[in-house]
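# Tertiary structure, described
Here is how the chains run, residue by residue.
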Amino acid sequence: MSLLRSHYSIDVLNEQFGSSITVAGWIEDIRNLGSIAFIILRDRKGTLQVTGLKKEQPEIFEKLVNLPRESVISVTGLCQESRKARNGYEVLPEKISVLSVADSPLPLGVVDKVDADLDTRLDNRFIDLRKPEVQAIFQIRSAVIGAVHETLRSLDFDEVHTPKLIGTSSEGGTDVFKVGYFEKNAFLAQSPQLYKQMLMSTGLDRVYEIAWYFRAEEHNTRRHLNESTAVDVEMAFIENEGEVMQVLEKLVDSMWTKAGEQTMALSVLDKSINVPKTPFRRVTYDEALSLLSDRDCEVEWGEDLSTEEERLLGKIMGEQGHDFYFITRYPLSAKPFYTMPEGDKYSRGFDLECKGVELASGSQRIHQMDLLKDRMDALGLEISAFESYLKGFRFGMPPHGGFGFGIERFMMELLDIHNIRECILFPRDRTRLYP
Ligand code: AMO
C-alpha cells in the first residue's frame with residue numbers, strides 16, 4: 001500500500017469509519033467558512049470531503065485554505081460518517097503533505113460550468129483529462145481494449161507487434177509521413193498491412209495487433225486523425241472473406257458488451273448502451289448504389305462512396321433497423337492492390353459501417369504472387385519497392401484475409417461523440433503537434 005494513499009474516494013466503506021485513512025488527489029474546491037473549511041479532493045475514482053477545523057488544527061487549517069485549486073495533496077486523518085458530505089463521510093486531517101502547488105489562474109477549469117471550446121481543451125489536455133466526463137471515455141476505451149485481447153485470444157489469435165518505421169508505403173497511397181533514417185528515407189507505417197500478410201507465410205497464421213496508423217491525410221475532418229489506432233487482424237487458411245467478417249462481428253459484439261458493463265463511467269457520461277444484434281446485415285456495393293439511386297443519389301459505378309453518400313446510406317439502413325452493416329463485393333477499382341479480385345470487376349473487399357461511418361475495412365487478400373504483381377502493375381505501383389514483401393509470397397503463402405478496425409471511430413459511434421479528437425488522448429491533426 002502506498003504511504004501517500006490508503007484508499008481511493010469511493011473505496012472507503014463504513015468499516016473505515018472511526019479509523020485513520022490516507023487519501024490523495026487534486027484540490028477541486030475549497031469553501032472556507034472561517035472556523036471550518038470544506039475541501040473537495042478529487043482522485044481517479046471520484047471526490048471526497050476533507051473537513052478542516054481551525055480551532056483543533058490551526059496550522060493544517062491555514063495550509064489547506066491557502067492552497068490554490070488543483071494543487072496535489074495527501075491527507076491522513078480520522079474518517080468519520082457525515083450525512084452532509086457527498087460520499088457520506090469526511091476526513092478530519094491530522095497530517096497533510098503538499099505534493100505540488102498549482103499555479104493560478106488555471107488555463108482551463110475542471111468543474112466550471114462554462115464549456116471551453118475544443119481547441120482550448122486540447123491545448124490544455126492534461127487539465128481537460130482531469131474532468132470525470134473526459135476520463136470516463138478513456139476508462140471505457142481501456143475496458144474495450146481489454147475485450148479485444150480477451151476475444152481474439154479466445155479465438156486463438158496471437159498478438160504481434162510490427163514495425164512502424166518502414167521502407168515502403170504500406171497502403172500504396174501517397175499519404176505517408178517521410179522520416180530521415182540515417183542516409184535513407186523511411187516512412188511511418190500507415191498500417192501493419194504488409195507485415196501482417198507476410199506473417200501468414202510463417203506459420204503464425206492467426207495474428208492481431210493493436211496498431212498505430214500514421215497517415216498524412218490532407219483532411220482536417222471530425223473523423224480523421226493523422227495518428228490513429230486500430231485493431232488489425234489477419235488469418236490464413238480461409239476460403240472466403242465471410243470468415244473474416246464473422247471474426248469482426250464477434251469482436252464488435254464483445255467490445256460493445258464490455259463497454260455496456262462500465263456502469264460507473266457510463267453514468268458519468270449519462271449514456272446507456274444497447275448491444276447491436278449480430279449477424280450484421282450484408283449489403284453488396286451494387287445494392288447500396290441502387291438504394292441510393294432510389295433516393296435520387298447517383299454514384300458512378302466503381303467509385304468509393306463519398307462522406308455524404310455514406311451518410312445517406314446509413315440513414316436508409318437505419319430506417320430498416322440496421323445501425324451496423326457490411327458493404328460487400330466492392331469494385332476492384334475502389335480497393336487496395338492486395339485485395340482478392342472476384343471476376344474482372346469485383347473484389348472480395350468489404351467495409352463495416354455504423355450509421356454511415358466506416359469503422360473497418362478488410363478483404364480476402366491475393367496470395368498468388370503473379371496475380372499480386374499484375375494488380376500492382378495495373379495500379380501503377382513500383383514493384384521493385386515491394387521486393388521484400390513479395391518475397392514472402394514465393395515460398396509458401398496460404399490463402400488469407402483480415403481487417404483493420406479503427407478504435408477511435410469505434411469510440412465515436414459507441415458513445416455518440418461528435419469529434420474523433422475526443423477519443424484519443426493527445427490527437428494529431430493537420431495543425432496539432434502539441435501537446
Ligand atoms: P483502411 O485504410 O480502411 O484499411 O483503415 C482501416 C480503418 O482504420 C480507421 N482509419 C482511421 N481512423 C481515423 N483517422 C484516420 N485517418 C484513419 N484511417 C483509417 C478507419 C478504417 O476503417 N490495411 C487496411 C485494413 C485491412 O484491410 O486489413 C486499411 O488500413 O476506421
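Everything below is about the structure shown above.
Quick look at the structure, then. (Residues numbered from 1 in each chain as written. Predicted model: local features only at pLDDT ≥ 70, side-chain atom pairs only at ≥ 80, totals over all residues. Heavy atoms only, no water.)

Of all the positions in helix 1 (residues 58-65), only Ile60, Phe61, Leu64 and Val65 are classed as buried. With its buried residues spanning 120° around the axis, helix 1 presents them on a single face. In this structure, the buried side of helix 1 is in contact with strand 1 (20-32), strand 2 (36-43), strand 3 (46-53), strand 4 (72-81) and strand 5 (89-100). (Buried < 20%, exposed > 50% of the residue type's maximum accessible area, 1.4 Å probe, protein only. Helix = DSSP H or I, 4+ residues; strand = E, 2+ residues; numbered from the N terminus. Arc of directions from axis to C-beta. Contact = heavy atoms within 4.5 Å.)

What follows is about the side chain of Thr229. Looking at the element boundaries, Thr229 is found in strand 11 (residues 227-236). In this structure the side chain of Thr229 is engaged in a polar contact, spanning 3.0 Å, whose partner is the side chain of Arg141. Only 2.6 Å separates the side chain of Thr229 from the side chain of Glu408, close enough to count as a polar contact. (Polar contact = N/O pair within 3.5 Å; in protein donor to acceptor, adjacent residues only side chain to side chain.)

This next bit is on the pattern of salt bridges. Inspection of every chain in the model, using the stated rule, returns 28 salt bridges. Measuring nitrogen to oxygen at the nearest pair gives 2.6 Å for the salt bridge that ties Lys196 to Asp232. Of the two residues, Lys196 sits in helix 5 (residues 193-199) while Asp232 sits in strand 11, which places them 36 residues apart along the sequence. The exposure class assigned to Lys196 is buried, which follows from its relative accessible area of 3%. Where Glu261 meets Lys258, a salt bridge forms, and the shortest distance between an N and an O atom there is 3.8 Å. Classification of Glu261 as partly exposed rests on a relative accessible area of 48%. When its relative accessible area of 21% is taken as the criterion, Lys258 is described as partly exposed. Beyond isolated ion pairs, a larger network of salt bridges with shared partners links Arg121, Arg125, Asp128, Lys131 and Glu422. (Salt bridge = Lys/Arg side-chain N within 4 Å of Asp/Glu carboxyl O.)

Let us look at a nonpolar patch on the surface. On the surface, Leu165, Tyr181 and Phe182 cluster together into a nonpolar patch covering about 370 Å² of accessible area. Here Tyr181 lies in strand 8 (residues 178-181). (Patch = residues over 30% accessible without salt bridge, like charges linked within 9 Å, V, L, I, M, F, W, Y side chains within 5 Å. Areas by Shrake-Rupley, 256 points an atom, 1.4 Å probe, with all protein chains shown as cover.)

Read across the open sheet, the 8 strands follow the order 6-10-11-18-17-16-13-12; overall the sheet is mixed. Each edge of the open sheet is held by one strand with a lone partner, namely strand 6 (158-159) and strand 12 (281-284). Here 4 bridges tie strand 12 to strand 13 (residues 324-328), and the two strands are oriented parallel to one another. Residue pairing in the sheet places Thr284 in a bridge with Thr328 of strand 13. Packing of helix 8 (residues 285-294) onto the sheet brings it into contact with strand 12 and strand 13, and relative to strand 12 it is tilted by some 80°. (Pairing = 2+ DSSP bridges. Axes fitted to C-alpha atoms, helices over the stretch in contact; angles between N-to-C directions.)

This brings us to the packing of helix 6 (residues 241-260) against helix 12 (residues 407-415). Relative to each other, helix 6 and helix 12 sit at 50°, their axes nearing to 12 Å. What the angle tells us is that helix 6 and helix 12 run oblique. For the element pair helix 6 and helix 12, the recorded crossing hand is right-handed. Facing Met255, Trp256 and Ala259 of helix 6, the residues of helix 12 in contact are Phe410, Glu413 and Leu414. Of the residues belonging to the contact of helix 6 with helix 12, the class tally is 5 nonpolar, no polar and 1 charged. (Parallel < 35°, antiparallel > 145°, perpendicular 65-115°, else oblique. Left-handed = near helix turned anticlockwise from the far one by under 90°. Nonpolar A, V, L, I, M, F, W, Y, C, P; charged D, E, K, R; others polar.)

With the rule as written, the count across this model stands at 15 aromatic pairs. The interplanar angle of 15° and the centroid separation of 4.8 Å between the aromatic rings of Phe280 and Phe324 together place this pair among those described as stacked. With Phe280 in the loop between helix 7 (263-269) and strand 12 and Phe324 in strand 13, the pair connects residues that are 44 residues apart, well separated along the chain. Pair check on accessibility: Phe280 and Phe324 agree, each one buried. (Phe/Tyr/Trp six-rings, centres within 6.5 Å; stacked < 30°, edge-to-face > 60°.)

Turning our eyes to something else, we now look at the packing of helix 4 (residues 132-154) against helix 6. At a closest axis distance of 8 Å, the pairing of helix 4 and helix 6 adopts a crossing angle of 140°. Taken together, helix 4 and helix 6 sit at an angle that is classed as oblique. As helix 4 runs across helix 6, the sense of the crossing is right-handed. The segment helix 4 lies against helix 6, with Ile140, Ala143, Val144, Ala147, Val148, Glu150, Thr151 and Leu152 engaging Val247, Lys250, Leu251, Ser254, Met255, Lys258 and Ala259. By residue class, the composition of the contact of helix 4 with helix 6 is 10 nonpolar, 2 polar and 3 charged.

What follows is about helix 12. The α-helix advances 3.6 residues per turn, and as a result positions three or four apart in sequence lie on the same side. Taken across its 9 residues, helix 12 has 9 buried, putting it largely inside the fold. For helix 12, the set of buried residues is Ile407, Glu408, Arg409, Phe410, Met411, Met412, Glu413, Leu414 and Leu415. Downstream of helix 12 by one or two residues, Asp416 has phi in the positive range, about 60°.

Okay, the site of the ligand next. Contacts to the ligand come from 24 residues, most closely from Glu171, Gln193, Arg215, Glu358 and Ser361. For the ligand, an oxygen atom lies 2.7 Å from a polar atom in the side chain of Arg365. With the chains in place, 93% of the 620 Å² that the ligand exposes on its own is no longer accessible. Only helix 5, strand 17 (357-364) and strand 18 (400-406) provide two or more residues apiece to the shell around the ligand. In terms of residues, the shell around the ligand owes the most to one element, strand 17, which gives 5 residues. Grouping the amino acids of the shell around the ligand by side-chain chemistry returns 7 nonpolar, 9 polar and 8 charged. (Near = heavy atom within 4 Å.)

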